[in-house]
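Residues per chain are reported as follows:
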Amino acid sequence: MKHFNELGLAEPILRAISNEGYSQPTPIQAQVIPLMISGKDVVGIAQTGTGKTAAFVLPLLNRIHARGQRPAAKTCSALILAPTRELASQIADSIRTYGREMRVSVTVILGGVKPGGQIRAMARGTDIVVATPGRLLDHVQTGVVRLDATETVILDEADQMLDLGFMPTIRKILAKLPKERQTLLLSATMPKQIRALANDFLDNPSEISVAPTSRPIERIDQSVMHVERDQKRDALVGILRGKDVERAIVFTRTKRGADKVCEFLQKAGINSGAIHGNKSQPQRERTLAAFRDKKTKILVATDIAARGIDIDDVS
């Protein structure tokens, strides 16, 4: 098994990895990091839980460290596209964690917040932009962001971006990038449209497919309860009051359903918070932070939280 210090990463990055308590890379990290350092385009088929965020963040930081110069006004050296605001924020946190021993600037561009802070950050230029596609395209079209100097672009959870209808926006963004660049596409599945995207915008990519170190199905006890519709919420309260439930996520199909379930649980005396697309970004961040910090026991969510969100100790 390889160690991180065998992968060609710079000393400040190795120190940050060591401070986080890691010494051995996961399979996807061991394969992707050397390929990215060598400048190759990569298609990675990887599920949540494989360590893929560090697989692209670490070589990205390595490139910025080697480059050693600040980007020009309104430009970025690297662009990371993510399907949801929560995932974009989480990726930015990883960049700050692994880049804490070096000078690196990161700007998060997403909807649901006032654009002023994003505009000011981009006026100075930034090493890495982490963005959701819609708000980024708005900024590109109004001249707030220039992509003509971007050297690396990463598409994370590409199949979820397809499901959310972002593909036309992503194609417009990719068309504005320089022809000479490095591109990494990561996806849990590889439907035809994602394969077509890779064929159109990646240059002779290396393809890597990695299963999680242990598949979720092997680690999860699953069960189904058949209940009448009018008894569902009482059954849910019964489950969530169980001794073995310390923290739980309840998924609902609709945004309105999430609010109703959350309200019902609160009335039943169970501390809950709801997260979905109709909430403002500050509301979503506060709810997620309260759940992460164990101040809220139950997170009620639409599928906005179904992919890539990393929260420890959910019972």
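In the block above lies the structure referred to throughout.
Residues numbered from 1 in each chain as written. Predicted model: local features only at pLDDT ≥ 70, side-chain atom pairs only at ≥ 80, totals over all residues. Heavy atoms only, no water.

Attention now goes to the nonpolar core. In terms of nonpolar packing, the biggest core is built from 40 residues, with Phe56, Leu58, Ile80, Ile91, Ile95, Ile128 and Val130 touching the most fellow members. Of all the elements, helix 3 (residues 52-67) adds the most residues to this core, at 8 residues. Among all residues touching Ile80, those that are not within four sequence positions of it are Phe56, Leu60, Ile91, Ile95, Ile128, Val129, Val130, Ala131 and Ile154. Within the second largest apolar cluster, 30 residues are counted, among which are Leu81, Met122, Leu136 and Val144. (Core = buried A, V, L, I, M, F, W, Y, C linked by side-chain atoms within 4.5 Å. Buried < 20%, exposed > 50% of the residue type's maximum accessible area, 1.4 Å probe, protein only. Helix = DSSP H or I, 4+ residues; strand = E, 2+ residues; numbered from the N terminus. Contact = heavy atoms within 4.5 Å.)

A sheet is described by the order of its strands in space; here 7 strands give the open sequence 3-4-2-5-6-1-7, paired in parallel fashion. Every other strand in the sheet has two partners, leaving strand 3 (106-109) and strand 7 (206-210) as the edge strands with one partner each. Shown here is a sheet whose adjacent strand axes are inclined to one another by a mean of 15°, direction ignored. Pairing between strand 5 (residues 152-155) and strand 6 (residues 182-187): 4 bridges, direction parallel. For Thr152, the partnering residue across the bridge sits in strand 6 and is Gln182. Docked against the sheet, helix 9 (residues 192-201) engages strand 1 (42-46), strand 5, strand 6 and strand 7, running at close to 175° with respect to strand 6. (Pairing = 2+ DSSP bridges. Axes fitted to C-alpha atoms, helices over the stretch in contact; angles between N-to-C directions.)

All chains considered together, the criterion is met by 1 cavity of 30 Å³ or more. As a volume, the largest cavity reaches approximately 40 Å³. Taken together, Leu60, Arg63, Ile64, Arg67, Ser77, Ala78, Glu151 and Thr152 make up the lining of the largest cavity. Listing elements by their share of the lining of the largest cavity, those giving two or more residues are helix 3 and strand 2 (76-81). Partitioning the lining of the largest cavity into residue classes produces 3 nonpolar, 2 polar and 3 charged. (1 Å grid on protein atoms, 1.4 Å probe; cavity = no way out; pocket = protein on both sides within 12 Å on 5 of 7 lines; lining within 4 Å. Points joined across faces, edges and corners; volume = space filled by probe spheres on them. Nonpolar A, V, L, I, M, F, W, Y, C, P; charged D, E, K, R; others polar.)

Here we come to the environment of Met36. Structurally, the position occupied by Met36 is in helix 2 (residues 27-37). Between the alpha carbons of Met36 and Phe56 there is a distance of 7.6 Å; along the sequence they are 20 residues apart. Not counting the four nearest positions on each side in its chain, Met36 is found in contact with Ala55, Phe56, Pro59, Thr152, Ile154, Gln182 and Leu184.

The next subject is the pattern of salt bridges. Under the counting rule described, the total for this entry stands at 14 salt bridges. Asp259 is the partner of Lys279 in a salt bridge, and the nearest nitrogen-oxygen pair spans 3.7 Å. Of this pair, Lys279 sits in the loop between strand 9 (272-275) and helix 13 (281-292) while Asp259 sits in helix 12 (residues 255-267), placing them 20 residues apart in sequence. Linking Glu263 and Lys267 is a salt bridge whose minimum nitrogen-to-oxygen distance equals 3.5 Å. Taken together, the positions of Glu263 and Lys267, both in helix 12 and 4 residues apart, correspond to about one turn of that helix. You can call Glu263 partly exposed: its relative accessible area is 47%. One continuous salt-bridge network, built from bridges that share partners, spans Lys52, Asp156 and Glu157. (Salt bridge = Lys/Arg side-chain N within 4 Å of Asp/Glu carboxyl O.)

Note on Lys267: relative accessible area 68%, which makes it exposed. Sequence spacing of Lys267 and Thr75 is 192 residues, and the spatial spacing of their C-alpha atoms is 49 Å.

Turning our attention to helix 5 (residues 116-124). Every buried residue belonging to helix 5 is among Gln118, Ala121 and Met122, and all of these are buried. An end-on view of helix 5 places all buried positions within 95° of arc, on one side of the element. Seen from the open side of helix 5, the exposed residues pointing more than 90 degrees away from its buried face are Arg120 and Arg124. Where helix 5 is buried, its residues contact strand 3, strand 4 (126-131) and helix 6 (133-141). Trailing helix 5 by a residue or two, Gly125 shows a phi angle of about 85°, which is positive. (Arc of directions from axis to C-beta.)

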